[in-house]
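The primary structure of each chain is shown beneath.
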Amino acid sequence: MKLCMIGHDFRYELEKLIRLFLPFEKITFALSDDGVEDRCITAVTESPDGLTLSAALFFGGKSYRAAYTLPTERREDADERERLLALALFDCFCAASGYTPQWGILTGVRPAKLFSRLRAAEGESAAEKWFADALRVSGHKISLCRQTAEAESRITGLSRPDSYSLYISIPFCPTRCSYCSFVSHSVENAKGLVPRYVELLTDELARTAVLARNLGLHLETVYIGGGTPTALSAEQLAAVMTAVREHFDLSGLREYTVEAGRPDTVTLEKLEVIRCHGGTRVSINPQTMNDEVLRAIGRRHTARQTIEAFTLARACGFSNINTDLIAGLPGDSFASFCQTLEQVLILAPESVTVHTLAMKRASALSTNGLLPAAKMGEEAAKMVDYARETLGHSGFSPYYMYRQSKTVGNLENVGYAKPGREGYYNVFTMDETHTVLSCGAAAVTKLRQPGGNHIERIFNFKYPYEYISRYDELVARKDGITRFYEQYPAIH
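Residues numbered from 1 in each chain as written. Predicted model: local features only at pLDDT ≥ 70, side-chain atom pairs only at ≥ 80, totals over all residues. Heavy atoms only, no water.

1. Concerning the packing of aromatic side chains
By the definition in use, this model includes 16 aromatic pairs. Relative to Y386, the ring of F334 lies with its centre 5.8 Å away and its plane at 85 degrees, an arrangement referred to as edge-to-face. Separated by 52 residues along the polypeptide, F334 in helix α12 (residues 334-347) and Y386 in helix α13 (residues 370-393) bring together distant segments of the chain. The class for F334 is partly exposed, based on a relative accessible area of 24%. Joined through ring pairs, the aromatic side chains of F172, Y197, Y467 and Y471 make up one cluster. Stacked on the ring of F29, the Lys or Arg R11 has its end atom at 3.6 Å from the ring centre. The ring of F334 has K382 lying over it, and the distance from NZ or CZ to the ring centre is 4.7 Å. (Phe/Tyr/Trp six-rings, centres within 6.5 Å; stacked < 30°, edge-to-face > 60°. Helix = DSSP H or I, 4+ residues; strand = E, 2+ residues; numbered from the N terminus. Buried < 20%, exposed > 50% of the residue type's maximum accessible area, 1.4 Å probe, protein only. Lys NZ or Arg CZ within 6 Å of the ring centre and 35° of its normal.)

2. Some thoughts on the packing of helix α8 (residues 234-247) against helix α9 (residues 268-276)
With their axes 10 Å apart at the nearest point, α8 and α9 run at an angle of 5 degrees to one another. Our classification of the angle between α8 and α9 gives roughly parallel. Of α9, the residues touching α8 (which contributes A234, E235, L237, A238, M241 and R245) are E269, K270, V273, I274 and C276. Class assignment of the residues belonging to the contact of α8 with α9 gives a composition of seven nonpolar, no polar and four charged. (Axes fitted to C-alpha atoms, helices over the stretch in contact; angles between N-to-C directions. Parallel < 35°, antiparallel > 145°, perpendicular 65-115°, else oblique. Contact = heavy atoms within 4.5 Å. Nonpolar A, V, L, I, M, F, W, Y, C, P; charged D, E, K, R; others polar.)

3. Here's the deal with the pairing of strand β4 (residues 50-59)
Where burial is concerned, most of β4 is hidden: nine out of the ten residues are buried. Alignment of strand β3 (residues 39-47) against β4, held across nine bridges, turns out to be antiparallel. By the bridge assignment for β4, T42 is matched with A55. The loop that links β3 with its antiparallel partner β4 comprises two residues. Bridge count between β4 and strand β5 (residues 62-71): ten bridges; the pairing is antiparallel. Each bridged residue has a counterpart across the sheet, and for A55 the counterpart in β5 is A66. Connecting β4 to the antiparallel partner β5 that follows it, the hairpin turn spans two residues, and G60 within it adopts a positive phi of roughly 60 degrees. (Pairing = 2+ DSSP bridges.)

If you want it as structure tokens, here you go:
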């Protein structure tokens, strides 16, 4: 697909919009129309009343057109020019596919945060009207935004100006799922790296704790994620959690989560390690309870093993268990997804996170073409809508939400929880409420100005072998934490 841009340079947002409908098709760019191949022509032209923002889509031997006018008094408003061009292009693709994404032209990662900002500035009615009229967001998604924003606001209000969270990356899994684009390695293939990785990770944790202590920061939440942290042995997991307990002040901790994501890695010994070392919340993530779909996506566990993992966690004393599901998995159906959710609710988790499949280039899955993407989006939309309705009737409420690029149907990921069982770390990190100090391969430290909005990032090396071989460089990078707080002192 060629994107022709005439009289403007809004390439980034329009490319993202095209990818709502053509996730993996190669997109080329031009400043004029040569009249050949599938293409979309977007143009800003003069008109008697101001500016005309138009789009024309030529696809599959058919053409589709739409246009909007920007009044003369607003012609210098670049944001409005971009929005109206996006709307025109959106109208063309909706007409071509017969499919209208529920989030309209909104492509941002944090829709609830945008809604909160608009509500604070203009009031709730104005925020809802802008989402509906200007962005073409459906009423159902506006309602979800409103509910989620209210819950996020309650949780972010708990954070102090000197607060921070700690993230620990364990980038190893039993196998690599076909949809995965995270930096994770099969434990079988990377087992030679794991002992040295754990050794250096515990050292990085000790060094990070010294920095936090010297700066007088207050630890709110700890999150050990991955990958699959329980892919480590019980002894290795204990070494990591011992480093946290020995070096960090956990006296004011609100939550300590450990992902036990793959049920086939969950053992009583590992669960006891988590509990004895201060873990208060675990996440057991089947993604689906359909064994055929599990095999198709490369997960070796079964639905039965998910049930067994839940039973073990309860027996070990965990009263706060999350589970993750994915809508739109290959081979799954609406009926199968409904059965999965019903089986999960029988297990009575305290929270359920419903993700939508993100079709990343780095994963083993891909899709192409306008109509297949549209059909996948419609099916996934039915799944997430059913999940919201069913979980709501079961006493769960949405408390955090985020979106990823190339998600089926341009849909969302939502965390639902029983009252008082929300995952605080999820909200703090998604809202960028406070600093997150991160350790391990591919971890990103995100420094938030106390009492302000300025954010800086410090990136760890991406791959475990690189983390190990360049560890001294990584340690030097962490000096940036101290320099940041010298510039923006913590408010106590």
